[in-house]
Structure formats: C-alpha cells, structure tokens
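# Examination of the molecular architecture
What follows is the residue order along each chain.
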Amino acid sequence: FLVDDSCLPSALERIHRCILGNRRLWDYIQLLDVKADSIAATVFCTLMQACGMTSTMTFSSLCPYQKLPRSAQEYNASLTTRFKKNLRYYSRTLQRQGEVEYLTVESAPDIEDAFNDLLRLHRSRFQSRGADSAFLGPQAEAFHRAALRSLTKAGWTSIHMLKLNG
C-alpha cells in the first residue's frame, strides 16, 4: 500500500470496505513484497479475519528501499569517508569517458520524458539479460504514469538523472 503512515489505519479500513463491497469479484487477495510483521499486513489481516476471512502469510521477497535524509547535505554527511572516496574515483573515471551531466527535472513534460528514458534504459538492461521485469508490464507502467501525474501536479516529484555524452 502506498500510504502515508499517518493515514494508514483509515486507508486500510477503506480498502477493506471496498474489498468487502466487491466480494463477488475476487477469490483471494495476494499481497506481495510486504513484511509479515508490518503494520499494513497485520492490520489488514486482522480486518479480514474479523469478517470471517482466512489469511495465510508466506515469505516471497521484500522490495528494498532506503529512507533518504531531507537534504543533500544531510545525505553527504551520512556517507563514510571510504564511500566518498569511491564516489570521487568513479566520478573522475566517468568524466574521462566523456561529458557528464547531472540533471534534476521537476516539471510535468520533463518528468514524463525522464520516465520514458527510465523505461527505455530498464527495458534495454533486462532484454540484454534475457530477463523479464514486472516494472515493464503494462499495468505497472500505467500505475507509475498515473502516480507521476498526480504527484507532479502536487509538486512532489523530481527525477535525478546522470547523462554521459547526452
């Protein structure tokens, strides 16, 4: 669930009511990449069980994430000396290969173009490996495009890009 923690209980209650209101449309619910002991999983399962539903938890995988500091300065201060040294080394190595450009895009047309670039690069990477990516599925792409539109309208979106020779 992509929900702010402060809204999670009421969001889960609404999701639960929506599911119950459309019960005839589904046979089971599968929540992927959710930690079994997370608030979302435990509250959701409790709500479902309260209505006589059965829940089963099985391990599959967990989508990794990193909580970022509020500013670039805080982030830089959190890095180890060795990591900073490696960043400088790789930055110089990259600069020897050509023109390096760091961009931040925040406006709607630029965000859409940057997302198209992300999809193109991701697709190319997975095709070169002969692998599939759920991120490239039509439903995932549609979800991300809709989310980007809403988040960009609210002023909450920025995409950071590194370009080499254009």
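Read on for a plain summary of the structure. If you're wondering where the values come from, they're calculated on a predicted model, not measured in any experiment. Here, residues in each chain are numbered from 1, in the same order as that chain's written sequence. Since the coordinates come from a predicted model, pLDDT governs what is reported: local features require at least 70, and pairs of side-chain atoms require 80 or more to be given and counted, while whole-chain, interface and lining totals use all residues. Here the side-chain values reflect all heavy atoms present in the structure, with hydrogen atoms and water set aside.

### Digging into the overall build of the protein chain
Definition in use: Only DSSP runs of H or I with at least four residues qualify as helices, and only runs of E with at least two residues qualify as strands; both kinds are numbered from the N terminus onward. Radius of gyration here is computed from C-alpha atoms only, and the compact-globule reference equals 2.2 Å multiplied by the residue count raised to the power 0.38. The contact rule is simple, with two residues in contact once any of their heavy atoms fall within 4.5 Å. All accessible areas in this document rest on Shrake-Rupley with a 1.4 Å probe, and a residue is counted as covered only by the protein chains that are shown.
For the protein chain, the helix and strand inventory stands at 6 helices and 2 strands. Reading the helices (α) and strands (β) of the protein chain from amino to carboxyl end gives α-α-α-α-β-α-α-β. Against the compact-globule benchmark of 15 Å for 166 residues, the protein chain has a radius of gyration of 21 Å, which places it well outside the compact range. Oriented by its inertia axes, the alpha-carbon framework of the protein chain measures out at about 65 × 35 × 35 Å. Long-range pairs, those at least 24 residues apart, make up 64% of the contacts in the protein chain with a sequence separation of at least 6. For the protein chain, the accessible surface area stands at approximately 13,400 Å², while carbon and sulfur atoms represent 54% of it.

### Observations concerning the environment of proline 9
Here proline 9 is to be found in helix H1 (residues 8–21). C-alpha separation for the pair proline 9 and valine 43, spaced 34 residues apart in sequence, amounts to 7.6 Å.

### So, the side chain of histidine 16
Rules: Note on classification: 1.4 Å probe, protein chains only; a residue is buried when its accessible area is under 20% of the maximum for its type, exposed when over 50%, partly exposed between these limits.
With respect to the element layout, histidine 16 can be found in helix H1. Residue histidine 16 is classed as buried on the basis of its relative accessible area of 5%. If we ignore the near neighbours within four places in the chain, the residues touching histidine 16 are Leu47, Met48 and Cys51.

Function-wise, these values are silent; they only describe arrangement.
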